[in-house]
Amino acid sequence: MEAAAHADGGGGRKRPKPGERRVQILEALATMLQQPGAERITTAALAAKLEVSEAALYRHFASKAQMFEGLIEFIEQSVFGLINQLGEREADANVRSRKLVTLLLQFGEKNPGMTRVMVGDALVFENERLQQRMNLFFDKIEAALRQNLRETSLVAGAATPTVDAQADASVITAFCVGRLQRFARSGFKRSPSESLEHSLALLLPIVRH
């Protein structure tokens, strides 16, 4: 999506290629969400930013909820794509967990507008299914952590690896959500990865085999 931000660069205004306008609309929405203290974003304000009519927006998206779904799809594909790569490249489950937390928080830091979607601040006045979808996103994050942590517990010879992993994954996911919420509600001043190594040392201490 970052690369798409430059798709319309250059001299005079050009007619966007098929699919380009959709990306431009999502880029504009994400940019508007980055403004600290931004109120509810209307399609009128979004159309004005893009210098098109509201009708032009609805030629590409059936509703504003569908625009937010486009942002959520970008979040899901980006984050879970990176998590899948971790699974393929990193054999150590403890290191996988630490890297998962890091990449999630760094994604939020690099995409402030998306962070407001992830923590639900941008979805307060929108269709309820959007918040449910973001809830499912964090459920999947927790499930990925739980799988890694169970593997770590088994290697360490824990008596109750499944129970331990479930409790730990819940705490770590809550930490991630809390860091992202603080970032959004501080007007993007408090970095979600602030003192991250110290936090990871507490939440996911290095396991010596």
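Quick note: structure is the one above.
Residues numbered from 1 in each chain as written. Predicted model: local features only at pLDDT ≥ 70, side-chain atom pairs only at ≥ 80, totals over all residues. Heavy atoms only, no water.

Engineer: Now, about the nonpolar core: what can you tell me, with residues and values included?
Structural biologist: Ranked by size, the top nonpolar core spans 56 residues in total, and within it Val 101, Val 117 and Phe 137 carry the most contacts. Every element with two or more residues in this core is listed here: helix H1 (20-33), helix H2 (43-50), helix H4 (64-89), helix H5 (93-110), helix H6 (112-118), helix H7 (128-156), helix H8 (161-185) and helix H9 (196-203). Ranked by the residues each element gives to this core, the list is headed by H4, at eleven residues. Not counting residues up to four positions away in its chain, the partners in contact with Val 117 are Leu 33, Phe 68, Leu 71, Ile 72, Ile 75, Ala 122, Leu 123 and Met 134. (Core = buried A, V, L, I, M, F, W, Y, C linked by side-chain atoms within 4.5 Å. Buried < 20%, exposed > 50% of the residue type's maximum accessible area, 1.4 Å probe, protein only. Helix = DSSP H or I, 4+ residues; strand = E, 2+ residues; numbered from the N terminus. Contact = heavy atoms within 4.5 Å.)

Engineer: A description of the pattern of salt bridges should follow, citing residues and the corresponding values.
Structural biologist: Following the criterion strictly, the structure yields eleven salt bridges and no others. A salt bridge links Arg 133 to Glu 73; its shortest N-O distance comes to 3.9 Å. Placement of the pair is Arg 133 in helix H7 and Glu 73 in helix H4, with a sequence separation of 60 residues. Judged by relative accessible area, which is 23%, Arg 133 ranks as partly exposed. Here Glu 90 makes a salt bridge to Lys 99, at a shortest N to O gap of 3.3 Å. Within the structure, one salt-bridge network assembled from shared partners comprises Glu 73, Glu 76 and Arg 133. (Salt bridge = Lys/Arg side-chain N within 4 Å of Asp/Glu carboxyl O.)

Engineer: Help me get a handle on H9, residues and values and all.
Structural biologist: It helps to recall that an α-helix has 3.6 residues per turn; residues three or four apart then point in one direction. When we look at burial in H9, the residues that qualify are Leu 196, Ser 199 and Leu 200. Burial along H9 is one-sided: seen end-on, the buried residues are contained in an arc of 100 degrees. Away from its buried face by more than 90 degrees, H9 exposes Glu 197, His 198 and Leu 202. On the buried face of H9, the contacting elements are H5 and H8. (Arc of directions from axis to C-beta.)

Engineer: Quick rundown of the packing of aromatic side chains? Include the residues and the values.
Structural biologist: If you walk through the whole model with that rule in mind, you get four aromatic pairs. For the ring pair Phe 74 and Phe 107, a centre distance of 6.2 Å and an interplane angle of 40 degrees mean the geometry is tilted. Taken together, the residues Phe 74 in helix H4 and Phe 107 in helix H5 connect sequence positions 33 residues apart. By relative accessible area, Phe 74 is classed as buried at 18%. Plain terms: the ring middles of Phe 80 and Phe 137 are 5.1 Å apart, the flat faces sit at 55 degrees to each other, and that makes the pair tilted. Here Phe 80 is found in helix H4, whereas its partner Phe 137 is found in helix H7, with 57 residues between them in sequence. Accessibility assignment for this pair places Phe 80 and Phe 137 in one class, buried. (Phe/Tyr/Trp six-rings, centres within 6.5 Å; stacked < 30°, edge-to-face > 60°.)

Engineer: An account of the packing of H8 against H9 is needed here, citing residue identities and associated values.
Structural biologist: Where H8 contacts H9, the axes come no closer than 11 Å and their chain directions differ by 160 degrees. By the angle class used here, H8 and H9 are roughly antiparallel. Here the hand of the crossing between H8 and H9 comes out right-handed. Residues Val 171, Ile 172, Phe 175 and Arg 179 of H8 form the contact with H9, whose participating residues are Leu 196, Ser 199 and Leu 203. Among the residues forming the contact of H8 with H9, the class breakdown is five nonpolar, one polar and one charged. (Axes fitted to C-alpha atoms, helices over the stretch in contact; angles between N-to-C directions. Parallel < 35°, antiparallel > 145°, perpendicular 65-115°, else oblique. Left-handed = near helix turned anticlockwise from the far one by under 90°. Nonpolar A, V, L, I, M, F, W, Y, C, P; charged D, E, K, R; others polar.)

Function-wise, these values are silent; they only describe arrangement.
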